[in-house]
Amino acid sequence: MSKYDVIVLGSGPGGYVTAIRASQLGLKTAVVEKENLGGVCLNWGCIPTKALLKSAQVFDYLNHAEDYGLSVTGADKDFTKVVKRSRNVAEGMSKGVQFLMKKNKIDVINGFGKLKPGKKVDVDGTEYSADHIVIATGARSRELPNLPQDGKKVIGYREAMTLEKQPKSMIVVGSGAIGVEFAHFYNTMGTEVTIVEYLPNLVPVEDIDVSKQFEKSFKKAGIKVMTSSSVESVDTSGDTVKATVKTKKGEEILEADVVLSAVGIATNLEGIGLEDVGIVTDKGKVMVNEWYQTNMPGYYAIGDITPGPALAHVASAEGILCVEKIAGEHCEPIDYGNIPGCTYATPEIASVGMTEAQAKEAGYELKVGKFPFSASGKASAAGTKDGFVKVIFDAKYGEWLGCHMIGAGVTDMIAEAVLGRKLETTGHEVLKTIHPHPTMSEAVMEAVADAYDEVIHL
């Protein structure tokens with residue numbers, strides 16, 4: 001039987017990063033993967049969707065070339081080639097992970113891994129043992145009982161990024177990051193899109209100001225928005241799909257070529273041997289402590305299968321911390337109040353920390369500042385004036401409680417707020433940090449200036 005220091009079950013952004021860090025720390029490491037290295041994120045999630053969205057952005061630029069004083073005639077899209085480019089990008093990234101495995105001398109065991117008592121993993125009949133087993137099996141598209149996915153007329157995110165033919169019309173159910181990113185992509189490509197959200201606002205986890213701006217932008221782009229609505233049932237018997245939607249005004253029947261179910265994720269815990277080992281789960285999540293240890297010594301869990309936010313960068317951070325603790329490094333638990341969230345539709349959304357409503361509920365006296373990109377020189381020059389940066393500070397001590405952005409490129413800007421909050425930066429320090437001009441990022445400084453009644457450009 002092959003013996004390792006660490007075996008990682010799953011090679012997504014949690015699993016492969018865990019394996020690399022374990023190897024860097026001198027631990028003999030193996031990773032078990034039943035599909036492609038890189039997991040959902042590299043192959044079916046974060047990376048290929050961004051490739052699709054880039055194609056949509058370029059197509060949108062071509063269609064609005066006149067806004068920039070340019071003339072483009074006959075601009076068209078080849079949907080099949082757009083999808084193919086996305087798959088090629090994903091394939092390239094997966095090959096990159098293969099290279100990293102070899103570089104770091106990590107054994108890749110292909111097959112379905114099942115946990116066994118005594119710190120063992122069975123992979124399709126062959127047993128491997130390790131002192132430490134890290135479970136990183138991730139998640140998949142969640143299916144609702146009234147919205148069963150057949151992979152053709154009612155689809156999940158996997159099918160949404162590999163459709164052979166572009167649908168003329170699509171209903172997107174759910175307005176989290178996955179739902180709105182696909183809604184934006186297909187709408188830009190020319191599909192007639194309706195988005196149905198059960199809660200009163202699109203992107204409901206975001207600050208209310210961001211949600212309102214986002215809805216305005218989506219409607220302006222021609223997407224039909226139905227909030228406080230739910231899909232009760234679907235009829236796939238005909239050539240199209242008929243969805244019965246319950247709204248405030250009563251029931252409505254919508255017809256489309258395809259329904260995309262984007263109502264969250266379900267964890268991949270079935271059949272991996274948790275019950276055999278005696279690992280405790282609750283509501284589809286593996287229970288862990290701050291070092292990602294389960295109730296059974298030698299078994300750990302990270303990423304989407306644990307109660308934290310289901311985000312790639314969170315899974316990676318958890319995996320690194322988990323194996324550093326195993327290796328005896330000095331570690332500090334992750335601050336889950338300082339995790340950035342990003343949505344890559346147009347406009348982009350990025351946020352960290354408390355919303356204004358959450359900060360008020362927590363009893364803080366607030367200083368709130370907002371700077372619209374319509375007042376930004378760089379945004380005007382780029383033709384991307386939609387959106388704003390909003391900052392929230394504790395009035396008493398100047399603590400940066402939250403930062404919420406909506407607009408072009410904001411997913412690349414949010415790290416300033418994450419780092420500032422990590423370093424316990426005050427509003428005054430941000431205000432006195434010189435930001436380059438003209439940039440989108442100076443809107444952060446301007447928003448802070450607004451919070452402290454020192455804004456210059458408003």
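Residues numbered from 1 in each chain as written. Predicted model: local features only at pLDDT ≥ 70, side-chain atom pairs only at ≥ 80, totals over all residues. Heavy atoms only, no water.

Colleague: Is there a simple way to explain the sheet that holds strand S21 (residues 348-353) in this structure?
Modeller: Backbone hydrogen bonds are what pair the strands of a sheet, in a parallel or an antiparallel way. Spatial ordering of the open sheet is given by S20-S21-S24-S23-S22, a layout of 5 strands whose pairing is antiparallel. Of all the strands in the sheet, just strand S20 (341-343) and strand S22 (366-372) have a single pairing partner and so form its edges. Averaged over all neighbouring strand pairs, the angle between strand axes comes to 10°, with direction disregarded. Taken together, the 6 bridges between strand S23 (residues 388-394) and strand S24 (residues 400-407) define a ladder with antiparallel strand orientation. Residue pairing in the sheet places Phe 388 in a bridge with Ile 406 of S24. Sheet contacts for helix H14 (residues 442-451): S22, S23 and S24; angle to S22, the most-contacted strand, approximately 135°. (Pairing = 2+ DSSP bridges. Helix = DSSP H or I, 4+ residues; strand = E, 2+ residues; numbered from the N terminus. Axes fitted to C-alpha atoms, helices over the stretch in contact; angles between N-to-C directions. Contact = heavy atoms within 4.5 Å.)

Colleague: Any chance you could explain the sheet that holds strand S14 (residues 250-256) here in plain terms?
Modeller: The 3 strands lie next to each other as S12-S13-S14, forming an open sheet whose pairing is antiparallel. Two strands bound the open sheet, and with one partner strand each, they are strand S12 (230-235) and S14. Strand-to-strand twist of the sheet, defined as the mean angle between neighbouring strand axes without regard to direction, takes the value 25°. The pairing of S12 with strand S13 (residues 241-247) spans 5 bridges and is classified as antiparallel. In the strand pairing of S13, Ser 233 is matched with Thr 244.

Colleague: So what exactly am I meant to see when it comes to the pairing of strand S2 (residues 29-33) here?
Modeller: Two faces, one strand: in a regular strand the side chains alternate between the faces of the sheet. With 5 of 5 residues buried, S2 lies mostly within the body of the structure. Where burial is concerned, the two faces of S2 agree: the one with Thr 29, Val 31 and Glu 33 and the one with Ala 30 and Val 32 are both buried. Handedness of the strand S1 (residues 2-9)-helix H1 (residues 15-24)-S2 crossover: right-handed. As paired strands, S2 and strand S3 (residues 107-110) are joined by 4 bridges and run parallel to one another. (Buried < 20%, exposed > 50% of the residue type's maximum accessible area, 1.4 Å probe, protein only. Right-handed = clockwise from strand over helix to strand, strands pointing away.)

Colleague: Whenever I open this one, the pattern of salt bridges confuses me. Can you help?
Modeller: Pairing of side chains with opposite charge becomes possible as their charged atoms draw close. Taken as a whole and judged by the stated rule, the model has 17 salt bridges. A salt bridge links Arg 140 to Glu 270, with the shortest nitrogen-to-oxygen separation between them at 2.8 Å. Within this pair, whereas Arg 140 is found in strand S7 (residues 139-141), its partner Glu 270 is found in the loop between strand S16 (265-267) and helix H8 (274-277), the two being separated by 130 residues in sequence. Arg 140 sits in the partly exposed class, given a relative accessible area of 33%. Ionic pairing is found between Asp 207 and Lys 390, a salt bridge with its closest N-O pair at 2.9 Å. (Salt bridge = Lys/Arg side-chain N within 4 Å of Asp/Glu carboxyl O.)

Colleague: Sorry if this is basic, but what is going on with the environment of Thr 433 here?
Modeller: Note that Thr 433 resides in the loop between helix H13 (427-431) and H14. Its relative accessible area of 41% is what places Thr 433 among the partly exposed residues. Of the polar contacts made by the side chain of Thr 433, one reaches the backbone oxygen of Glu 429; its length is 2.7 Å. (Polar contact = N/O pair within 3.5 Å; in protein donor to acceptor, adjacent residues only side chain to side chain.)

Colleague: What should I look at first to understand a nonpolar patch on the surface in this one?
Modeller: On the surface, Val 58, Leu 62 and Val 72 cluster together into a nonpolar patch covering about 210 Å² of accessible area. Mapped onto the elements of the fold, Leu 62 is located in helix H3 (residues 46-63). (Patch = residues over 30% accessible without salt bridge, like charges linked within 9 Å, V, L, I, M, F, W, Y side chains within 5 Å. Areas by Shrake-Rupley, 256 points an atom, 1.4 Å probe, with all protein chains shown as cover.)

Colleague: Looking at this structure, I do not really get the environment of Val 82. What am I missing?
Modeller: In this structure, Val 82 sits in helix H4 (residues 79-103). As for Val 82 and Ala 56, which are separated by 26 residues in sequence, their C-alpha atoms are 8.8 Å apart.

Colleague: What exactly am I supposed to notice about helix H7 (residues 208-220) here?
Modeller: Three or four residues apart is the spacing at which side chains of an α-helix point the same way, because the helix has 3.6 residues per turn. For H7, built from 13 residues, the straight-helix expectation of 18 Å at 1.5 Å per residue is met to within 8% by its first-to-last C-alpha distance of 18 Å. Within H7 the residues assigned to the buried category are Val 210, Ser 211, Gln 213, Phe 214, Glu 215, Ser 217 and Phe 218. Elements that come into contact with the buried residues of H7 comprise helix H6 (177-189), strand S10 (192-196), strand S11 (224-226), S21, S23 and S24. By the N-cap criterion, in which a side-chain oxygen at the helix start approaches the backbone nitrogen of a residue two or three places on, H7 is capped by Asp 207, the distance to Asp 209 being 3.0 Å. Count one or two residues on from H7 and you reach Gly 222, which has phi positive near 95°. (Expected span 1.5 Å × (residues − 1).)

Colleague: Would you mind going over the packing of H3 against H4 with me for this structure?
Modeller: Packed helix pairs are characterised by how far apart their axes lie and by the angle those axes make with each other. Contact geometry of H3 with H4 gives a least axis separation of 8 Å together with a crossing angle of 145°. Handedness of the crossing formed by H3 with H4: right-handed. Residues Ile 47, Pro 48, Ala 51, Leu 52, Lys 54 and Ser 55 of H3 form the contact with H4, whose participating residues are Val 82, Val 83, Arg 85, Ser 86, Arg 87, Val 89, Ala 90 and Met 93. Here the contact of H3 with H4 is composed, by residue class, of 9 nonpolar, 2 polar and 3 charged. (Left-handed = near helix turned anticlockwise from the far one by under 90°. Nonpolar A, V, L, I, M, F, W, Y, C, P; charged D, E, K, R; others polar.)

Colleague: I would appreciate a short explanation of the pairing of S13 in the present structure.
Modeller: Of all 7 residues making up S13, 5 are buried, and the element is well covered by its neighbours. Turn length for the S12-S13 hairpin, with the two strands adjacent in sequence and antiparallel, is 5 residues. Direction of pairing for S13 relative to S14: antiparallel, over a ladder of 7 bridges. By the bridge assignment, Ala 243 is partnered in S14 with Leu 254.

Colleague: I keep staring at the nonpolar core and nothing clicks. Help me out?
Modeller: Nonpolar side chains in soluble globular proteins tend to end up buried together. Ranked by size, the top nonpolar core spans 36 residues in total, and within it Phe 182, Phe 185, Tyr 186, Ile 195, Phe 214 and Phe 218 carry the most contacts. Broken down by secondary-structure element, the contributors of at least two residues to this core are H3, H4, helix H5 (157-160), strand S9 (169-173), H6, S10, H7 and strand S15 (258-261). The element best represented in this core is H6, accounting for 6 residues. The contacts of Tyr 186, once residues within four sequence positions are left out, are Phe 79, Ala 160, Leu 163, Gln 166, Pro 167, Met 170, Thr 191 and Val 193. (Core = buried A, V, L, I, M, F, W, Y, C linked by side-chain atoms within 4.5 Å.)

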